[in-house]
Every structure is written in structure tokens, then in C-alpha cells.
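# Architecture at a glance
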Amino acid sequence: MVLVVGFIGIQFVPVNLNQSNTVPKEDIILFYNAPKEIAGLLKNSCYDCHSNNTNYQWFNKIKPIYWLMEEHIIDGIEELNFNEFASYSKRRQKSKIKSIISQIKDDEMPLDQYTLMHRSAILSDQDKIVITNWMETLRDSL
Ligand code: HEC
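Presented here is a report on the structure given in the accompanying data block. Since we're looking at a predicted model, the values are computed, not measured.

Another aspect to go through is the coordination of the iron atom of the ligand. Looking at the metal site, the iron atom of the ligand is ligated by His-50 (NE2) and Met-109 (SD), spaced 2.0 to 2.3 Å from it. The coordination sphere of the iron atom of the ligand comprises six donor atoms, whose angles at the metal cover 85 to 178°; the geometry is octahedral. Separated by 59 residues along the polypeptide, His-50 in the loop between helix H3 (36-45) and helix H4 (65-79) and Met-109 in the loop between helix H5 (90-105) and helix H6 (112-115) bring together distant segments of the chain. The buried category is assigned to His-50, whose relative accessible area is 12%.

Set out below in C-alpha cells:
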């Protein structure tokens, strides 16, 4: 009973959704003219935690799941914000790309905790090759 009341009660704690209607011109997809396929993969698998605009699913808004997601978003954006990517120094962009490639190759990203519920965000081997190839080309052009 206490748990049920508690569960209902926490649903009224105000939330601060990570949402924005504008995409800055420094966004990696816009700035570097990413092909549709790359844009789709990044938005679908990474942007929920690495941009200013999370595409919340209904269950993401239920607490305490919401708080877990919020924590991932805050920590994710702090490390890497794709919306601001082109505003980073060239040196930082290159080091982030290096990290992106290794995180994808090692299956560290997207986070397991996230793909458990967001199955469509899982990258296939082919997706991984497509993203890492594009990232390598971008890195070499910087
Ligand atoms: C569920 C949220 C979430 C998703 C989705 C997600 N990330 Fe992350 N990412 C994080 C968090 C949290 C961190 C920081 C803590 C850590 O490394 O685990 C992070 C860290 C990183 C870092 C490390 C940055 C650095 O400077 O070392 C890279 C690179 C990265 N993510 C790339 C990606 C890519 C590429 C995708 C999509 C394929 C992705 N992430 C999807 C949450 C997420």
C-alpha cells in the first residue's frame, strides 16, 4: 500500500524534459551534411542522450525510470552533444570522433540499460560499419 501510494505520489514530482524545437547550425548532421542514413542512425541510437532533444517514449516519463533516463541524458550531454559538435575545437572534435568509433566498435554505446527498452536503437554490424566509416572520413577532413 505504502509502495503504491509512493509510486503514484512521485509521478507528481515536476520534470524538466530535455526538449528543444530548434536545431543549432553547429549540429553534426547539419554542419557536416550527413547523408540521410547516418542522420537516421545517429538520431535513432544516440540523440536521446547526446543532444538537446530527447524523443521520450511513454515509459520514459514514468518515475523512477524517468530519473534514470534524466541521469543518462545529463551525463551523456556533458561528454558529447551532437547538437553542438561543430562548435568544439577541431582537436576536440577529432578526439570525440576517436571515442565515438571505439565506443561503437566495443558495443559500449548505446548503453545496454537503454537498449533493453529501446530495441530499435541497437546497431547492426552493418550500421556500425556505416557510422564508423563516415566518422573516419569526417575526422580525416578536419
Ligand atoms: C541512454 C543514453 C545514451 C545513449 C542512447 C547513448 N549514449 Fe553515449 N554516453 C551516455 C552516457 C551517460 C555517457 C557518459 C558516461 C559513460 O561513458 O558511460 C556517454 C558517453 C559517450 C561517449 C564518451 C565521450 C568521451 O568523451 O569519452 C561517447 C563517444 C558516446 N557516449 C557516444 C555515443 C554514441 C555514438 C551513441 C549512439 C550510437 C551513444 N553514445 C548513445 C549515454 C548515452
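On we go from here.
As a further point, take the pattern of salt bridges. Enumeration according to the criterion identifies five salt bridges in this entry. Glu-26 is the partner of Lys-25 in a salt bridge, and the nearest nitrogen-oxygen pair spans 3.1 Å. For the salt bridge of Asp-140 with Arg-139, the shortest nitrogen-to-oxygen distance reads 3.6 Å. On the basis of relative accessibility, which here comes to 60%, the residue Asp-140 falls in the exposed class. Since its relative accessible area comes to 28%, Arg-139 is described here as partly exposed. Within the structure, one salt-bridge network assembled from shared partners comprises Asp-107, Asp-125 and Lys-128.

As a packed pair, H3 and helix H7 (residues 125-141) sit with axes 10 Å apart at the nearest point and diverge in direction by 110°. In terms of orientation, H3 and H7 fall into the roughly perpendicular class. Considering only the axes of H3 and H7, their crossing is left-handed. Facing H3, whose interface residues are Glu-37, Ile-38, Leu-41 and Leu-42, H7 presents Asp-127, Val-130, Ile-131, Trp-134 and Met-135.

This part takes up the site of the ligand. In the region of the ligand, 19 residues are neighbours, and Cys-46, Cys-49, His-50, Lys-96 and Met-109 sit closest. Residue Lys-96 places a side-chain N or O atom 2.5 Å away from an oxygen atom belonging to the ligand. At a separation of 3.2 Å, an oxygen atom of the ligand approaches a polar side-chain atom of Ser-99. If you list the elements that add at least two residues to the shell around the ligand, you get H4 and H5. The element contributing the most residues to the shell around the ligand is H5, with five residues. For the shell around the ligand, the residue count by class is ten nonpolar, six polar and three charged.

Reading the values: rules and limits
Residues numbered from 1 in each chain as written. Predicted model: local features only at pLDDT ≥ 70, side-chain atom pairs only at ≥ 80, totals over all residues. Heavy atoms only, no water. Donors = N, O, S within 2.8 Å, 3.2 Å for Na, K, Ca; no water. Tetrahedral: all angles 85-135°; square planar, octahedral: opposite > 155°, others 65-115°. Helix = DSSP H or I, 4+ residues; strand = E, 2+ residues; numbered from the N terminus. Buried < 20%, exposed > 50% of the residue type's maximum accessible area, 1.4 Å probe, protein only. Salt bridge = Lys/Arg side-chain N within 4 Å of Asp/Glu carboxyl O. Axes fitted to C-alpha atoms, helices over the stretch in contact; angles between N-to-C directions. Parallel < 35°, antiparallel > 145°, perpendicular 65-115°, else oblique. Left-handed = near helix turned anticlockwise from the far one by under 90°. Contact = heavy atoms within 4.5 Å. Near = heavy atom within 4 Å. Polar contact = N/O pair within 3.5 Å; in protein donor to acceptor, adjacent residues only side chain to side chain. Nonpolar A, V, L, I, M, F, W, Y, C, P; charged D, E, K, R; others polar.

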